[in-house]
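Okay, here's what each chain looks like letter by letter:
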Amino acid sequence: MILCQISDLHIKRKGALAYGRVDTASFLARCLERIRALRPLPDAVVITGDLVDRGDAEEYAHLHELLAALPMPHYLLVGNHDSRQALRAAFPDHAYLGSADGFVQYVADLGPCRLVALDTQDPPHSGGRLCEARLRWLEQELERADRQPVILAMHHPPFVTGIGHMDAIGLPAADCARLGAVVARHPNIERVLCGHLHRPIQHRFAGTLASTCPSPAHQVALDIRPDAPAAYRMEPPAFQIHAWLPGTGLVSHLVPVDESPGPYPFFHQDGQLID
């Protein structure tokens, strides 16, 4: 089973640029082209929030059109830039999103693994929340999973990253602690996959591994001073692949969007090393 993760797309209305500079739609199109070229193809794609930039209907219509290029199932999560209501209205074909108001959280079958999507949105704030209702739902779904391997997906990461301006709009420490208590009771949670940070970051969390995914467009500037100014850089766009390997478990890879020269053989056809 191969699960592809992309995050923080920030799609704008057609013709609009994020921050007046970043053509997020063209960046996403390149990313989707790269995903379609992977061999073997991923079985599914999970998109961990900030699907669009302002949460309006035109942005979601644009996103729906772009994502139509994916030949495999794709699962959408809400981030702090998203609108639950507008997302559901634009993606009626994604029945897992539900038709009622309330949290966008669900469970999806990924063969040997189970994807559990958790809603961390706290509108109108940029930071996240995990209230008792959401944690109770998560506990119930984890109990239903029994010992099946679980991939937990959410937008805001449940840990401090050191990037001050992003940590200021993260999950409250108390919510991270409550989530950690739930996760610790379920050692079958293979990964906690997050977005929000526009960077690849890993952290040991409650007995498992939590990580954030880079963006297919702009990245948050790497500055781990507590008073780091809010800034982004046009670093190479990337996404992640999480592969379930029999006898091994879940193995994660960082994948640059842009193709590089190669592949070149290490050896001649006769088996001799190329100097």
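Described in the following lines is the structure provided in the data block. (Residues numbered from 1 in each chain as written. Predicted model: local features only at pLDDT ≥ 70, side-chain atom pairs only at ≥ 80, totals over all residues. Heavy atoms only, no water.)

1. Section: the nonpolar core
Reasoning step 1: Core analysis: the biggest nonpolar cluster contains 50 residues, and Ile6, Leu63 and Phe239 have the highest contact counts within it.
Reasoning step 2: Per-element accounting of this core gives the leading share, five residues, to helix H1 (residues 24–37).
Reasoning step 3: Core analysis: the second largest hydrophobic core is formed by 27 residues, Leu118, Leu142, Val150 and Met154 among them. (Core = buried A, V, L, I, M, F, W, Y, C linked by side-chain atoms within 4.5 Å. Buried < 20%, exposed > 50% of the residue type's maximum accessible area, 1.4 Å probe, protein only. Helix = DSSP H or I, 4+ residues; strand = E, 2+ residues; numbered from the N terminus.)

2. Section: the side chain of histidine 218
Reasoning step 1: In this structure, histidine 218 sits in the loop between strand E9 (208–212) and strand E10 (219–220).
Reasoning step 2: Those residues in contact with histidine 218 that sit more than four places away from it in its chain are His10, Tyr19, Val22, Thr24, His198, Tyr232, Arg233 and Met234. (Contact = heavy atoms within 4.5 Å.)

3. With respect to unusual backbone geometry
Reasoning step 1: For the bond running from arginine 39 to proline 40, omega is -5°, close enough to zero to count as cis.
Reasoning step 2: Mapped onto the elements of the fold, proline 40 is located in the loop between H1 and strand E2 (44–47).
Reasoning step 3: Put simply, glycine 262 and proline 263 share a cis peptide bond, and its omega is 5°.
Reasoning step 4: The topology assignment puts proline 263 in the segment after strand E13 (249–256).
Reasoning step 5: In this structure, histidine 198 is a non-glycine residue whose phi angle is positive, near 55°.
Reasoning step 6: With respect to the secondary-structure elements, histidine 198 resides in the loop between strand E7 (189–194) and strand E8 (201–205).

4. Some details on the packing of aromatic side chains
Reasoning step 1: This model, assessed by the stated rule, comprises four aromatic pairs.
Reasoning step 2: An aromatic cluster is present here, built from Tyr75, Tyr96 and Tyr106 joined pairwise through their rings. (Phe/Tyr/Trp six-rings, centres within 6.5 Å; stacked < 30°, edge-to-face > 60°.)

5. A closer look at the pattern of salt bridges
Reasoning step 1: Summed over the entire model, instances satisfying the criterion amount to 16 salt bridges.
Reasoning step 2: Linking arginine 134 and aspartate 119 is a salt bridge whose minimum nitrogen-to-oxygen distance equals 3.6 Å. Of this pair, arginine 134 sits in helix H4 (residues 132–145) while aspartate 119 sits in the loop between strand E5 (113–117) and H4; the two residues are 15 residues apart in sequence, bridging distant segments of the chain.
Reasoning step 3: For aspartate 119, a relative accessible area of 0% puts it in the buried group.
Reasoning step 4: Between arginine 185 and glutamate 139 there is a salt bridge; the shortest N-O distance is 2.5 Å. Of the two residues, arginine 185 is situated in the loop between helix H6 (173–184) and E7 and glutamate 139 in helix H4; the sequence distance between them amounts to 46 residues.
Reasoning step 5: Looking at arginine 185, the relative accessible area reads 51%, which means it is exposed.
Reasoning step 6: Within the structure, one salt-bridge network assembled from shared partners comprises Arg129, Glu132, Asp175 and Arg178. (Salt bridge = Lys/Arg side-chain N within 4 Å of Asp/Glu carboxyl O.)

6. Regarding the side chain of serine 211
Reasoning step 1: Within the element layout of this structure, serine 211 appears in strand E9.
Reasoning step 2: Not counting the four nearest positions on each side in its chain, serine 211 is found in contact with Phe159, Val192, Leu193, Cys194, Ile201, Gln202 and Gln240.

7. What about the packing of H4 against H6?
How two helices sit against one another is set out by the angle between their axes and by the gap between those axes.
Reasoning step 1: Two elements in contact, H4 and H6, have axes whose closest approach is 10 Å; the angle formed by their N-to-C orientations is 10°. Judged by the inter-axis angle, H4 sits roughly parallel to H6. For the pair formed by H4 and H6, the contact residues are Glu132, Leu135, Leu138, Glu139 and Leu142 on the first element and Arg178, Leu179 and Val182 on the second.
Reasoning step 2: Each residue belonging to the contact of H4 with H6 can be placed in one class, and the counts come to five nonpolar, no polar and three charged. (Axes fitted to C-alpha atoms, helices over the stretch in contact; angles between N-to-C directions. Parallel < 35°, antiparallel > 145°, perpendicular 65-115°, else oblique. Nonpolar A, V, L, I, M, F, W, Y, C, P; charged D, E, K, R; others polar.)

8. A few points about the sheet that holds strand E4 (residues 106–110)
Reasoning step 1: Taken in spatial order, the six strands line up as E4-E5-E6-E7-E9-E8 in an open sheet, and their pairing is mixed. Edge positions in the open sheet fall to E4 and E8, since each of these has one partner strand only. Between one strand and the next, the sheet's axes are offset by a mean angle of 20°, whatever the strand orientation.
Reasoning step 2: The pairing of E7 with E9 spans four bridges and is classified as parallel. Each bridged residue has a counterpart across the sheet, and for leucine 193 the counterpart in E9 is serine 211.
Reasoning step 3: H4 rests against E4, E5, strand E6 (150–153) and E7 of the sheet, and its axis sits at about 175° to E5.
Reasoning step 4: The strands touched by H6 are E6, E7, E8 and E9; relative to E8, the strand with the most contacts, the crossing angle is about 65°. (Pairing = 2+ DSSP bridges.)

9. With respect to a nonpolar patch on the surface
Reasoning step 1: On the surface, a cluster of nonpolar side chains totalling about 380 Å² of accessible area is made up of Phe266, Phe267 and Leu273.
Reasoning step 2: By secondary structure assignment, the location of phenylalanine 266 is in the segment after E13.
Reasoning step 3: Using a relative accessible area of 65% as the deciding quantity, one classes phenylalanine 266 as exposed. (Patch = residues over 30% accessible without salt bridge, like charges linked within 9 Å, V, L, I, M, F, W, Y side chains within 5 Å. Areas by Shrake-Rupley, 256 points an atom, 1.4 Å probe, with all protein chains shown as cover.)

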